Amino acid sequence: MPGRASNYKRRRREVGKALATARGLFVTFEGGEGAGKSTQIRLLAETLRANGHTVVTTREPGGSAGAEALRHVLLSGAAEPFGVRMEALLFAAARADHLDCVIRPALARGEIVLCDRFVDSSRVYQGVTGNIEPPLMAALERVSIGSTMPDVTLVLDLAAAEGLQRARRRAGASAEGASPDRFEKEKLEIHEKRRQGFLDIAAREPERCRVVDGSLEVEHIARDILSEVTRVMAGRASGDGGQAARS
Ligand code: TYD
């Protein structure tokens, strides 16, 4: 369908141009299984919308038509027999499509994007516990995200055993049934390694990442997250990128 293809190319060009003036805010949520990311994204989105902001909530893997097509392949375990490199490439392909079709256009419109998992999940799941060699991870990152890094990343930190228990309760209550996905079913020690992986990223990139205690009451966590995001927004408004507010 030539019409569709040229529309798509034109849209990508438009997004590329708009990027130069992008003023939105890109917030990602990271953490292990059952850390409470989706609840916190919902609460933050509600509060920001009530304050007049336009908010896009999205998730990975997925979030755009192309990426959602890959989500099933990845989470069902259909790609697992082909190895972690294949999975890493698919996560990166899904991310590139998600950025092109959803995240960058929203940022270019000046909106706030709240994304459930992003590049740090690949760094941890495929890089740290998948043992993918760092040069390949870096290359995939360059190709899939370019310079679109989150303005702020909230790492919800929770003991792996507690997170898994929550994820299993949630799966039991959902229409999809109780069976864990490709990643949830892995051993506890792997989940603990992932927890540490996220904490290590946060320690290496303190300007971008904030660790939030995921064991606290939902409302307490929501308040902490809102104050972090408000701080970054206030810092941007004053033109220092949030640095003064953080120090
Ligand atoms: P999902 O059902 O969205 O659950 P949750 O985010 O609540 O854990 O599952 C996404 C799974 O995919 C999760 O186990 C982490 C994994 N994942 C990766 O391995 N690499 C990635 O780059 C991303 C985005 C997710």
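**Here's the deal with the overall build of the protein chain**
Scanning the protein chain for helices and strands turns up 10 helices and 5 strands. Considering the protein chain as a whole, with its 247 residues, one finds that 37% of them fall into the buried category. In the protein chain, of all internal contacts separated by at least 6 residues, the share reaching a separation of at least 24 is 78%.

**A short note on helix 4 (residues 84-108)**
The end-to-end C-alpha separation of helix 4 is 33 Å, in line with the 36 Å expected for 25 residues at 1.5 Å each. Where helix 4 bends most, the angle comes to about 50 degrees, and this point is leucine 99. Directly after helix 4, the chain includes glycine 110, whose backbone phi takes a positive value near 85 degrees.

**Focus: the site of the ligand**
For the ligand, the set of nearby residues contains 15 residues, the closest of which are Glu60, Ser121, Ser122, Tyr125 and Phe183. When grouped by side-chain class, the residues that make up the shell around the ligand number 5 nonpolar, 3 polar and 7 charged.

**Looking at the sheet that holds strand 3 (residues 112-116)**
In space, the 5 strands of this open sheet follow the order 2-3-1-4-5, with parallel pairing throughout. Each of the sheet's edge strands pairs with one partner strand only, and the pair in question is strand 2 (55-59) and strand 5 (209-213). Between one strand axis and the next, the sheet turns by 20 degrees as a mean value, whatever way the strands run. Pairing of strand 4 (residues 152-157) with strand 5, which is carried by 5 bridges, proceeds in the parallel orientation. Its bridge partner being in strand 5, leucine 154 is matched across the sheet by arginine 210. Strand contacts of helix 9 (residues 218-237): strand 1 (25-31), strand 4 and strand 5, with the helix running at about 165 degrees to strand 4, the strand carrying the most contacts.

**A few points about the nonpolar core**
Counting residues in each nonpolar core, the largest one holds 37 residues, and the members touching the most others are Val27, Val113, Leu114 and Leu154. Once you skip the residues sitting within four places of it in the chain, leucine 154 turns out to touch Val27, Phe29, Arg210, Val212, Ile225 and Glu228. Listed in part, the 11 residues of the second largest apolar core include Ala67, Ala92, Ala94 and Ile132.

**With respect to the packing of helix 5 (residues 119-128) against helix 8 (residues 188-204)**
Between helix 5 and helix 8, the shortest axis-to-axis distance is 10 Å and the interhelical angle comes to 130 degrees. Taken together, the axes of helix 5 and helix 8 are oblique relative to one another. Helix 8 is crossed by helix 5, and the crossing has right-handed handedness. Residues Asp120, Arg123, Val124, Tyr125 and Val128 of helix 5 lie in contact with helix 8, whose contacting residues are Lys193, Arg194, Gly197, Phe198 and Ile201. Partitioning the contact of helix 5 with helix 8 into residue classes produces 5 nonpolar, 1 polar and 4 charged.

**Topic: helix 6 (residues 134-145)**
Taking 1.5 Å as the rise per residue, helix 6 with 12 residues should run 16 Å; its terminal C-alpha atoms sit 16 Å apart, in good agreement. Just downstream of helix 6, glycine 146 is the residue with a positive phi angle, here 55 degrees.

**As for the pairing of strand 1**
For strand 1, the buried fraction is high: 7 of the 7 residues fall into the buried class. Burial along strand 1 is two-sided: the residues Leu25, Val27, Phe29 and Gly31 and Phe26, Thr28 and Glu30 are all buried. As paired strands, strand 1 and strand 3 are joined by 5 bridges and run parallel to one another. Looking at the pairing, phenylalanine 29 lines up with aspartate 116 of strand 3. Where strand 1 meets strand 4, 5 bridges bridge the pair, whose relative direction is parallel. Across the sheet, the residue bridging to glycine 31 is leucine 156, located in strand 4.

**Thoughts on unusual backbone geometry**
Note the cis peptide between glutamate 60 and proline 61, where omega equals -5 degrees. Along the chain, proline 61 falls in the loop between strand 2 and helix 3 (65-75). One non-glycine residue, arginine 117, adopts positive backbone phi at about 75 degrees. Inspection of the secondary structure puts arginine 117 in the loop between strand 3 and helix 5. At asparagine 131, a residue that is not glycine, the phi angle is positive and equals roughly 60 degrees. Position of asparagine 131 relative to the elements: it lies in the loop between helix 5 and helix 6. What makes asparagine 131 exposed here is the crowd of 8 C-beta atoms within 10 Å.

Reading guide: rules and limits
Residues numbered from 1 in each chain as written. Predicted model: local features only at pLDDT ≥ 70, side-chain atom pairs only at ≥ 80, totals over all residues. Helix = DSSP H or I, 4+ residues; strand = E, 2+ residues; numbered from the N terminus. Buried ≥ 20, exposed ≤ 12 C-beta atoms within 10 Å, placed from the backbone. Contact = placed C-beta atoms within 7 Å. Expected span 1.5 Å × (residues − 1). Bend = angle between axes of the 7 residues up to and from the residue. Near = placed C-beta within 6 Å. Nonpolar A, V, L, I, M, F, W, Y, C, P; charged D, E, K, R; others polar. Pairing = 2+ DSSP bridges. Axes fitted to C-alpha atoms, helices over the stretch in contact; angles between N-to-C directions. Core = buried A, V, L, I, M, F, W, Y, C linked by C-beta atoms within 7 Å. Parallel < 35°, antiparallel > 145°, perpendicular 65-115°, else oblique. Left-handed = near helix turned anticlockwise from the far one by under 90°.

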